[in-house]
Amino acid sequence: MAARPVCQRNISNPAPKSALASAGRPTGRKDGLVAGNFGAGLEIFVNPDTIRADIEKSFTYKEAVMGIFTKTTEFLKDRLGKTRSKISSSLSSVLSLARDIDEELLDRLEETLISDDIGVETTEKLISDLRNAYRSRQIATTDDIIPFLKEDLKSYWPARDRRLRLADTGPTVILVAGVNGSGKTTSIAKLAYILSRNNKSVILAACDTFRAAATEQLTIWAERIGVEIVKHKAGSDPAAVAFDACQAATARNTDFLILDTGGRLHTQKDLMRQLTKIRDVVSRKIPDAPNEVLLVLDATTGQNAIAQARLFAEAIDVTGIFLAKLDGTARGGIVIAIKDQLDIPVKFVGLGEKTQDIAEFNPDTFVEALFN
């Protein structure tokens, strides 16, 4: 019987990512090395420490990508001025009435938080936490309420929720959805701008082929930012644009492919089905894509944004929210309601008209900006 061919890989020369992935399912060991079976009688041995280093490097890269969108607390305080002013004013009007905590004060506080667009369910949870903290003597007076609320709110968002999902190999594909007027095209431009300015290659795909001037608007943004765009003539099949964009991104070894889909009204089932079709085409062309499905919501619409998100989530697997126009509204409390009612993480927020006016959503920074 012919001997099985074996490739011995020197531990100082790390295996490619595909090898590392397969070696994660060991078939045996040899001289301290892990053996991974690659089929066709080929077995490669790699050092387990090399595998761990590659995984750690991957996580470091992902953290670094999100880091390029980071903004300071002072920046957020300035851009969230309307929401911060409303919440500060309403809380002060309640907490200044008395120093002692009682049921009447908690009831007033509950009404106030609901009026600040934090949402009924979220507010009930916060008030319940406050009541339990008071009964267990964690807090004693109204001076303790805001510090307690801040820490309670910060705990709502696990760190893993906020990471941008990146492809292990090949282009990272981000499918962007949202209703007309939500700020979708501008939000895409902001993402592309920050990525390209940090040495990431980006291709935009103009899959919104039915709205008048949609492709033209995205083309203008692409030229202004200096990134490539894949587009067809008006009225073309959006899925065909997605197909060609996937081919281009793969052939050019692009870092990020961002697809602008048609401005769907969440009540139009035929358009929602078209969105599902685009997603399916992408997943067939690029394994495990799309890596992210971002839903752009207009923060100025308040609780209506949650209704939109629920219906979009029924059509596609929404992995994150891009909350646009947050600087122009006093309804910033909707960020908290979205997480608590939908469990869809807010990953990015839009904070102005300029391409650089985008920030990753950081709960610690956000809460401090709102309550300071």
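That block above? That's the structure.
Residues numbered from 1 in each chain as written. Predicted model: local features only at pLDDT ≥ 70, side-chain atom pairs only at ≥ 80, totals over all residues. Heavy atoms only, no water.

Trainee: How would you explain the pattern of salt bridges if you had to name every residue and give the values?
Mentor: Evaluated as defined, the whole model comprises 15 salt bridges. Among the ionic pairs, Arg-131 bridges to Glu-103, the shortest N-O distance being 3.0 Å. With Arg-131 in helix H6 (residues 120-135) and Glu-103 in helix H5 (residues 103-115), this residue pair connects regions lying 28 residues apart in the sequence. Taking the relative accessible area as the measure of exposure, Glu-103 reaches 39% and is therefore partly exposed. Taking the shortest distance from any N to any O, the salt bridge between Arg-279 and Asp-280 comes out at 3.1 Å. Looking at Arg-279, the relative accessible area reads 23%, which means it is partly exposed. On the accessibility criterion, Asp-280 (28% relative accessible area) is partly exposed. (Salt bridge = Lys/Arg side-chain N within 4 Å of Asp/Glu carboxyl O. Helix = DSSP H or I, 4+ residues; strand = E, 2+ residues; numbered from the N terminus. Buried < 20%, exposed > 50% of the residue type's maximum accessible area, 1.4 Å probe, protein only.)

Trainee: Now, about the packing of aromatic side chains: what can you tell me, with residues and values included?
Mentor: Applying the stated criterion across every chain, the model contains two aromatic pairs. The lysine or arginine in question, Arg-224, covers the ring of Trp-221, its NZ or CZ lying 4.7 Å from the ring centre. (Phe/Tyr/Trp six-rings, centres within 6.5 Å; stacked < 30°, edge-to-face > 60°. Lys NZ or Arg CZ within 6 Å of the ring centre and 35° of its normal.)

Trainee: For the packing of helix H4 (residues 81-95) against helix H14 (residues 363-371), give the residues involved together with the corresponding values.
Mentor: For the pair H4 and H14, interaxial distance at closest approach is 7 Å and the crossing angle is 60 degrees. When the interaxial angle is binned, H4 and H14 end up oblique. Packed against H4, whose contacting residues are Thr-83, Arg-84, Ile-87 and Leu-91, the element H14 presents Ala-369, Leu-370 and Phe-371 at the interface. Classifying every residue of the contact of H4 with H14 gives five nonpolar, one polar and one charged. (Axes fitted to C-alpha atoms, helices over the stretch in contact; angles between N-to-C directions. Parallel < 35°, antiparallel > 145°, perpendicular 65-115°, else oblique. Contact = heavy atoms within 4.5 Å. Nonpolar A, V, L, I, M, F, W, Y, C, P; charged D, E, K, R; others polar.)

Trainee: Tell me about the pairing of strand E10 (residues 320-324), and name the residues and values.
Mentor: Where burial is concerned, most of E10 is hidden: five out of the five residues are buried. Burial along E10 is two-sided: the residues Gly-320, Phe-322 and Ala-324 and Ile-321 and Leu-323 are all buried. Of the pairings in the sheet, the one linking strand E9 (residues 292-298) to E10 comprises five bridges and is parallel in character. Following the sheet pairing, Leu-294 is matched in E10 by Gly-320. The handedness of the E9 to E10 crossover, carried by helix H12 (residues 304-315), is right-handed. Examined bridge by bridge, E10 and strand E11 (residues 346-350) share three bridges and lie parallel to one another. Along E11, the bridge assignment pairs Phe-322 with Phe-348. (Pairing = 2+ DSSP bridges. Right-handed = clockwise from strand over helix to strand, strands pointing away.)

Trainee: Describe unusual backbone geometry, naming the residues involved and giving the relevant values.
Mentor: The general pattern is negative phi for most residues beyond glycine and trans for most peptide bonds. Following Ala-289, the chain continues into Pro-290 via a peptide bond in cis, with omega recorded as -5 degrees. Along the polypeptide, Pro-290 turns up in the loop between helix H11 (269-285) and E9. Despite not being glycine, Arg-137 shows a phi value in the positive range, around 65 degrees. On the basis of relative accessible area, Arg-137 is assigned to the exposed category, the value being 75%.

Trainee: Which residues make up helix H13 (residues 334-342), and what values do they have?
Mentor: Burial analysis of H13 places eight of its nine residues in the buried class, which makes it a mostly covered element. Positioned one or two residues after H13, Asp-343 has a phi angle of 55 degrees, which is positive.

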